[in-house]
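# Structural overview
Residues per chain are reported as follows:
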Amino acid sequence: MMSTKHSSKGDGAPLTDKLLAAIANHLNQDHCEDLLACAKAQVDWAEQARVLSLDAAGIQLEVSGNGQTQPLRIDFPETANGVLTFKKILGTVIVKSRSQLRFTPVEESDS
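Residues numbered from 1 in each chain as written. Predicted model: local features only at pLDDT ≥ 70, side-chain atom pairs only at ≥ 80, totals over all residues. Heavy atoms only, no water.

### Things to note about helix α3 (residues 83–101)
- Taking 1.5 Å as the rise per residue, α3 with 19 residues should run 27 Å; its terminal C-alpha atoms sit 27 Å apart, in good agreement.
- Every buried residue of α3 is listed here: Thr 85, Phe 86, Ile 89, Leu 90, Gly 91, Val 93, Ile 94, Ser 97 and Arg 98.
- Looking one or two places after α3, you find Arg 102, whose phi comes out positive at around 60 degrees. (Helix = DSSP H or I, 4+ residues; strand = E, 2+ residues; numbered from the N terminus. Expected span 1.5 Å × (residues − 1). Buried < 20%, exposed > 50% of the residue type's maximum accessible area, 1.4 Å probe, protein only.)

Given below as C-alpha cells:
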C-alpha cells in the first residue's frame, strides 16, 4: 500500500500519481482556457498555461507570454483527499479566477 491515509467515500478515489498524471493530461488537452484564467488571475501577461504537475494541495503551471516562460504554483484553499474533492476544489479555483477576470463562467453540473 502506498499510503495509510484513507479518503472518505465522498472524497472519491485516492489521488495516485497515475491518476494525477491523467488529470493533468486532461486539463492540458481540454481545459486550456480554464488554465489560462488561473494563470492570468496571478500574472496578467500570461498568454498560455499548461499543467506541469498536480498534487492534493495545488497545481504547478508553466506560464508563457510576453516573451517569457515561468513556473507558477497555485495552492488550493484546502487539501484534496480524493479525486472528487480535487475536482470540486479545482473547479472553485477556476470559477474564482474566471470571475476575477470577468471570463464567461463555465457550466458545471453537480449530478
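### Structural notes on the sheet that holds strand β3 (residues 68–75)
- If you walk across this open sheet you meet the 3 strands as β1-β2-β3, and the pairing is antiparallel. The sheet is open, and its two edges are formed by β1 (48–55) and β3, each paired on a single side. Within this sheet the neighbouring strands show an average axis-to-axis angle of 20 degrees, counted without direction.
- Summarising the sheet, β1 and strand β2 (residues 58–65) pair through 7 bridges and their orientation is antiparallel. Residue pairing across strands places Asp 55 opposite Gly 58, the latter belonging to β2.
- Where helix α2 (residues 32–40) meets the sheet, its contacts fall on β1, β2 and β3, and the angle it forms with β1 comes to roughly 90 degrees. (Pairing = 2+ DSSP bridges. Axes fitted to C-alpha atoms, helices over the stretch in contact; angles between N-to-C directions. Contact = heavy atoms within 4.5 Å.)

### A closer look at the nonpolar core
- In terms of nonpolar packing, the biggest core is built from 27 residues, with Leu 27, Val 51, Leu 54, Ile 59, Leu 61, Val 63 and Phe 86 touching the most fellow members.
- Taken together, the elements giving at least two residues each to this core come down to α1 (17–30), α2, β1, β2, β3 and α3.
- Top element by residues in this core is α3. It accounts for 5 residues.
- Those residues in contact with Val 51 that lie beyond four places of it in its chain are Ala 24, Leu 27, Asn 28, Leu 35, Ile 59, Gln 60 and Leu 61. (Core = buried A, V, L, I, M, F, W, Y, C linked by side-chain atoms within 4.5 Å.)

### Quick look at the packing of α2 against α3
- It is at 8 Å that the axes of α2 and α3 come closest, and there the two elements cross at 65 degrees. With respect to α3, the axis of α2 lies roughly perpendicular. In the packing of α2 onto α3, the handedness of the crossing is left-handed. Together, Glu 33, Asp 34, Ala 37, Cys 38 and Lys 40 of α2 and Val 93, Ile 94, Ser 97, Arg 98 and Leu 101 of α3 make up the contact between the two elements.
- Here the residues of the contact of α2 with α3 are counted per class, giving 5 nonpolar, 1 polar and 4 charged. (Parallel < 35°, antiparallel > 145°, perpendicular 65-115°, else oblique. Left-handed = near helix turned anticlockwise from the far one by under 90°. Nonpolar A, V, L, I, M, F, W, Y, C, P; charged D, E, K, R; others polar.)

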